[in-house]
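Read off the chains here:
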Amino acid sequence: MDEKKVIFSGAQPSGKMTLGNYLGAIKNWTLLQDEYECYYSVVDLHAITVPQKPEVLRNNTIELLAQYIACGLDPEKNTIFIQSHVKEHLELMWVLNTMTYMGELNRMTQFKDKAKKSEENLNAGLFTYPVLMAADILLYQADLVPVGEDQRQHMEIARDLANRFNNRYSETFTIPEGYMPKEGARIMSLQDPTKKMSKSDSDPNGYILLADDSDAIVKKIKKSVTDSLGVVKYSDEQPGIKNLLDICANFSGRDPQDIAAQYEGKGYGAFKTDVAEIVVEYLRPIKEKYDYMLANKDYLRDIYLAGDVKAQEKASKTLKAVYEKVGFIPR
Ligand code: TRP
């Protein structure tokens, strides 16, 4: 029997998901669920590397879980779980911490950026964040890790640590590979199409949330920044229009150039109306499922409890092997 390859990925419960998060990550996860053995975690341990209000963190964690499922991750096919419920992540992290060089963590551009921005809270967790991420991945013997381009360096550390451990002790970890989405999935801000769509944007008109209602979506798309050329063309000179075409293409599975051709001689108004309708209709069932689950939290609880058990089963096997190899006496 051919064993399925293993996929691991996670997202931080740091607020509601945007259209960009969906198209750049979760949508791809749903395409993998039949072919791979998939583990998807809500990485709440990572989230506390920046200060969190406990109540907000709890809500965000549940909401992210609900979004995973609303977006089409089938809890029967995937192991969906909460990172802090599987203590093996922290235990493996400790072992890996002792094998990670200060120098390699110092080189992480994400740490350097965060260090610049959050000097008043420059905690050790931010520094060792990539080691926890490596532990996440290596515990499940993941072959592939779907992540954004911004996680490339962190993936390198995970691979280096796996190799280092295997060389120092013996073959233990699968060497994971990053699985980066194609450029096409990069969705830009509706207010500044040269910047990535992000929920940390100070202007909420810049992003669409999966949880936005139809009216809000229509308004945001109508208000989106375009240009004064007045022709719907898929071109880098018209980043606003290009972004709307990309959104449309992603949701309809059509070629952006073909979509543009359909609007020859028509203005931006008609185009925006159609884009808004496509987005609203696509998100409608997702939103309905999401609202249903948040109103039925017991159902969500059953899902993560079952996921926690399945995740821990696999994680504890790996950790046991690691502890033995390191020289800890089994209890
Ligand atoms: N660092 C990732 C991010 O911010 C989230 C994450 C944590 C992750 N652990 C992971 C992603 C393991 C993939 C695999 O996007």
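This one's a predicted model, so the numbers in the text were calculated from it and none came from an experiment.

A.B. asks: Residues and numbers for the packing of aromatic side chains, please.
C.D. replies: This structure, assessed with the given rule, holds 14 aromatic pairs. Ring centres of Phe111 and Phe127 lie 5.0 Å apart, and the angle between their planes is 65°; on these two criteria the pair is classed as edge-to-face. You can see Phe111 sitting in helix H6 (residues 109-117) and its partner Phe127 sitting in helix H7 (residues 124-139), a full 16 residues away along the chain. Neither residue differs from the other here; Phe111 and Phe127 are each classed as buried. One residue, Lys114, lies across the ring of Tyr129, its end atom 4.4 Å from the ring centre.

A.B. asks: Account for the pairing of strand S3 (residues 78-82), naming residues and giving values.
C.D. replies: Taken across its 5 residues, S3 has 5 buried, putting it largely inside the fold. Covered by surrounding structure in S3 are Asn78, Ile80 and Ile82 together with Thr79 and Phe81, the residues of both alternating faces. Sheet topology places strand S2 (residues 37-42) next to S3; 5 bridges connect them, and they run parallel. Its bridge partner being in S3, Tyr39 is matched across the sheet by Thr79.

A.B. asks: Please give an account of the environment of Cys248 that cites residues and values.
C.D. replies: In this fold, Cys248 is placed in helix H10 (residues 239-252). On a C-alpha basis, the gap between Cys248 and Glu313 in space is 41 Å, while along the polypeptide they are 65 residues apart. If we ignore the near neighbours within four places in the chain, the residues touching Cys248 are Ile259, Val275 and Ile278.

A.B. asks: Describe a positive patch on the surface, with residues and values.
C.D. replies: Taken together, the side chains of Arg107, Lys112, Lys116 and Lys117 make up a positively charged region of the molecular surface. The exposed category is assigned to Arg107, whose relative accessible area is 53%.

A.B. asks: Talk me through the domain arrangement of the protein; I want residue IDs and the actual numbers.
C.D. replies: The domain architecture assigned to the protein consists of domain 1 (6-184 + 296-326) and domain 2 (204-291). A C-alpha centroid distance of 32 Å is found between domain 1 and domain 2. Listed by partner, the interface residues are 14 residues for domain 1 and 15 residues for domain 2. Across the interface of domain 1 and domain 2, roughly 1,400 Å² is buried in total on both sides, 68% from carbon and sulfur atoms. Broken down residue by residue, the surface that domain 1 buries against domain 2 is led by Leu19, Leu23 and Ala70, which jointly contribute 39%. For the pair domain 1 and domain 2, the interface holds 0 salt bridges. One can count 5 residue pairs in polar contact (both at pLDDT 80 or more) joining domain 1 with domain 2. Going through the elements one at a time, helix H1 (19-32) and helix H3 (54-70) are the ones with two or more residues in the side of domain 1 that touches domain 2.

A.B. asks: Please give an account of the site of the ligand that cites residues and values.
C.D. replies: Around the ligand sit 13 residues, and of these Tyr129, Met133, Asp136, Val147 and Gln151 come closest. In the environment of the ligand, a nitrogen atom lies 2.7 Å from a nitrogen or oxygen atom belonging to the side chain of Tyr129. A distance of 2.7 Å separates a nitrogen atom of the ligand from a polar side-chain atom of Asp136. Among the elements of the structure, strand S1 (6-11) and H7 are those that each provide at least two residues to the shell around the ligand. Counting residues per element, the shell around the ligand draws most heavily on H7, at 4 residues. The residue makeup of the shell around the ligand, split by class, is 7 nonpolar, 5 polar and 1 charged.

Scoring rules and cut-offs
Residues numbered from 1 in each chain as written. Predicted model: local features only at pLDDT ≥ 70, side-chain atom pairs only at ≥ 80, totals over all residues. Heavy atoms only, no water. Phe/Tyr/Trp six-rings, centres within 6.5 Å; stacked < 30°, edge-to-face > 60°. Helix = DSSP H or I, 4+ residues; strand = E, 2+ residues; numbered from the N terminus. Buried < 20%, exposed > 50% of the residue type's maximum accessible area, 1.4 Å probe, protein only. Lys NZ or Arg CZ within 6 Å of the ring centre and 35° of its normal. Pairing = 2+ DSSP bridges. Contact = heavy atoms within 4.5 Å. Patch = residues over 30% accessible without salt bridge, like charges linked within 9 Å, V, L, I, M, F, W, Y side chains within 5 Å. Areas by Shrake-Rupley, 256 points an atom, 1.4 Å probe, with all protein chains shown as cover. Salt bridge = Lys/Arg side-chain N within 4 Å of Asp/Glu carboxyl O. Lys, Arg positive; Asp, Glu negative; His and termini not counted. Charge placed at Lys NZ, Arg CZ, Asp CG, Glu CD. Domains from an automatic or database assignment. Buried area = accessible area lost by both parts, 1.4 Å probe. Polar contact = N/O pair within 3.5 Å; in protein donor to acceptor, adjacent residues only side chain to side chain. Near = heavy atom within 4 Å. Nonpolar A, V, L, I, M, F, W, Y, C, P; charged D, E, K, R; others polar.

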